[in-house]
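Examination of the molecular architecture
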Amino acid sequence: MASTEMFPESRYRKTEGLGVWEHRGKVAIVGLGNSPTSRRWDGTLETSLGAWTMLAAQKALDEAGITVDDVDGVIACDKGMGDDWGGDASQGRGYFEAPYDSEDGLSGVSAHWLVKNMGLKNVKMTYHAPGCLSTALVAAAQAVGDGEAHTVLVVRGTGNMPGRYHQTPGNTTGGNGQWTNPWGWQLIPQIAFGFDQYCRTYGKNHDMMAPFILNQRRNGSMFPEGFYYQNRPDDLQITAEDYLASRWICKPMNMNDCDLPIQTAGAFLFTTAERAKDMKKKPVYVLNHVTQRGVVRSSLETMAETEEFSAHIARKCYEGSGLTASEVDVFNPYDGFTLFTQWFLEGFGWHGVGKGEALDFYAGDIRVEGPHPFSSSGGNNGNGRTRWWGHYDTVQQLRGEAGDRQVQIKHETGISGAFTPGHSDWLVLGTSPD
Amino acid sequence: MGKMSPVPDEVSKPFWDACNEGKLIVQNCAGCKGNDGKDWLQHPPQAACYKCGTTENLTWKEMNGRGKIHGYSTMYDSRIRSLQEDQPFIIAVIELEDAPEIKMFSHLPGTPVDDDVPVGGTVQVEFQDTLGTEQKVAEWRVVS
């Protein structure tokens, strides 16, 4: 097999004016799989990202009732979100026997690693996608729609190695970092700054986030695949006082506004609508996919840019699917920093939420049993950082298989995406292909 | 503050050299105008004009060194190791008086870390030493 390339940029749906997606309703998600979760890798090969990605992929195949021989495409988000293992034997972190003799399978899982180690002998198409599993998901929708493959596994292992996460050492900084690192400007200050601007503009405050955080944790307590459900159920019982008392990371962002890095792997199985009819699970149809790659005017993303990026995503989602805001039942935008979720809620206008209204909306009934079950997954705040729980939940909700999380409102359409307003990928899903 | 030293590249070198000379300059495309009819300025500098995509009209324009605080956040747990000893610290966003669309960062030297950072307040540029090299960086001090 030839080496795996990145999915071509030209095939993502980035702009407005593209009309209804040409493959609307002709591609379906027919399988989900998730490995167990843990806070960090314990160093055993049985819990490596490679092993867990194969486990997740097999679960997705089992859901659909098909075998490895039915798969003809793999799209992987081949880099995890944590640090590399390093392969330094002097530090007690040497590599292992094949297939764990490099980073591939340990800190990330490539498409060709999965093909080789799962014995996917009929695969004729592989791609990689950067950043988020969301990017790989939209790539799969397009690839299946285009007929490049008919049954595609989409996988990502997202790992968390022992040790402090993503530290930046050294006294010099080049590249893009020359403009930001001397002041410590990175994603977290950007998000905190944006939320501070939001509060100043609309007269809100950080305390008003508490109902949303508590609801995310509550939804997490009903998500058996999630990290907290499996490992730290007590952390799902926090009170508003607990939330507000947690330490600042970058004020106004505190620790409970951040999702917890974890070790796990996930898999989604895509196929054609035609083939989906013969598989075990009720198909969930892809009505559109959207990619957002915002370009900022200067050194950072201003609030005006963030609001426009969010609205731009929504307009693209609606245009390509033919849906309107009032026709979206399930809505699971990324919450990996809770302080940017309001941009999505307002940008999409879900349940009529307008600019500056999200934090008041959180104070209403957003429980899954209620009339406004926002982020029914519990997101990454309620389940640990993967960036795919929103997609996972949306599929389960549309199948009517979300268990205790099942929303009580109509659940025939849904939108899910990650990661930020400036850089994210989105799926619009439906129970009907029409 | 334990600021990392920027390592200039071909595009950024004029900007950083100017900092070492106590001047604040911003890249300008002489062939373009902004929507307000004023000069087209862009920062961080790029290899081509952000608006027209060409390179031949790119030049530099000196700024008056004044700005205002657009907003800020306060860092308690930075990934940047050289800054961790100074936590918590302010990271302010400065918009230039000459070109409000241009934003730069500041630790606001002299401003206490509390909830009373004067958003909207006027700041004046100064140039600070950094840790790794002789390279200076633009910083901003509140003047009113």
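In the block above lies the structure referred to throughout.
Residues numbered from 1 in each chain as written. Chains lettered and ligands numbered in written order. Predicted model: local features only at pLDDT ≥ 70, side-chain atom pairs only at ≥ 80, totals over all residues. Heavy atoms only, no water.

1. Quick word on the interface of chain A and chain B
- With 38 residues of chain A at the contact, the number on the chain B side is 50 residues.
- Both sides together, the interface formed by chain A and chain B hides about 4,000 Å², and carbon and sulfur atoms give 57% of it.
- Per-residue buried area on chain A facing chain B is highest for Trp179(A), Trp183(A) and Arg297(A); these three make up 23% of the total on that side.
- Our count for the contact surface shared by chain A and chain B stands at four salt bridges. (Contact = heavy atoms within 4.5 Å. Buried area = accessible area lost by both parts, 1.4 Å probe. Salt bridge = Lys/Arg side-chain N within 4 Å of Asp/Glu carboxyl O.)

2. Some words on the sheet that holds strand S2 (residues 25-33) of chain B
Residue and element names in this part refer to chain B.
- Read across the open sheet, the three strands follow the order S3-S2-S4; overall the sheet is antiparallel. Only two strands of the sheet have a single partner each, and these edge strands are strand S3 (39-42) and strand S4 (58-62). Along the sheet, successive strands turn relative to each other by an average axial angle of 50°, direction set aside.
- Summarising the sheet, S2 and S4 pair through five bridges and their orientation is antiparallel. Counterpart to Gln-27 in the pairing with S4 is Trp-60. (Pairing = 2+ DSSP bridges. Helix = DSSP H or I, 4+ residues; strand = E, 2+ residues; numbered from the N terminus. Axes fitted to C-alpha atoms, helices over the stretch in contact; angles between N-to-C directions.)

3. As for the state of the cysteines
All names here are of chain A.
- Taken as a whole, this structure holds zero disulfides over all chains when the rule is applied.
- Cys-77 forms no disulfide, and the closest cysteine sulfur to it belongs to Cys-132, at a distance of 6.7 Å.
- Taking relative accessible area as the criterion, Cys-77 reaches 1% and is therefore assigned buried. (Disulfide = S-S within 2.5 Å. Buried < 20%, exposed > 50% of the residue type's maximum accessible area, 1.4 Å probe, protein only.)

4. Some points on helix H2 (residues 111-118) of chain A
Residue and element names in this part refer to chain A.
- Turning to H2, its buried residues are Ala-111, Trp-113, Leu-114, Val-115 and Met-118.
- Close packing links the buried residues of H2 with helix H1 (49-64), strand S3 (73-76), strand S4 (125-128) and strand S5 (151-158).
- Positive phi shows up at Gly-119, right after H2, with a value of about 70°.

5. Here's the deal with the side chain of Thr413(A)
- Among the structural elements, Thr413(A) can be located in strand S12 (residues 413-419).
- Apart from the residues within four sequence positions on either side, Thr413(A) is in contact with Leu323(A), Glu327(A), Val328(A), Asp329(A), Val330(A), Leu398(A), Leu429(A) and Gly430(A).

6. Considering the pattern of salt bridges
Residue and element names in this part refer to chain A.
- Going through the model one piece at a time under the given rule, you end up with 36 salt bridges over all chains.
- Here Arg-315 and Glu-16 are joined by a salt bridge, their closest N and O atoms 2.9 Å apart. Taken together, the residues Arg-315 in helix H9 (residues 303-321) and Glu-16 in the loop between strand S1 (5-6) and strand S2 (27-34) connect sequence positions 299 residues apart.
- By relative accessible area, which is 34% here, Arg-315 ends up partly exposed.
- The partner of Glu-412 in a salt bridge is Lys-410, with the nearest N and O atoms 4.0 Å apart.
- Looking at Glu-412, the relative accessible area reads 41%, which means it is partly exposed.
- One continuous salt-bridge network, built from bridges that share partners, spans Glu-63, Lys-281, Arg-399 and Glu-401.

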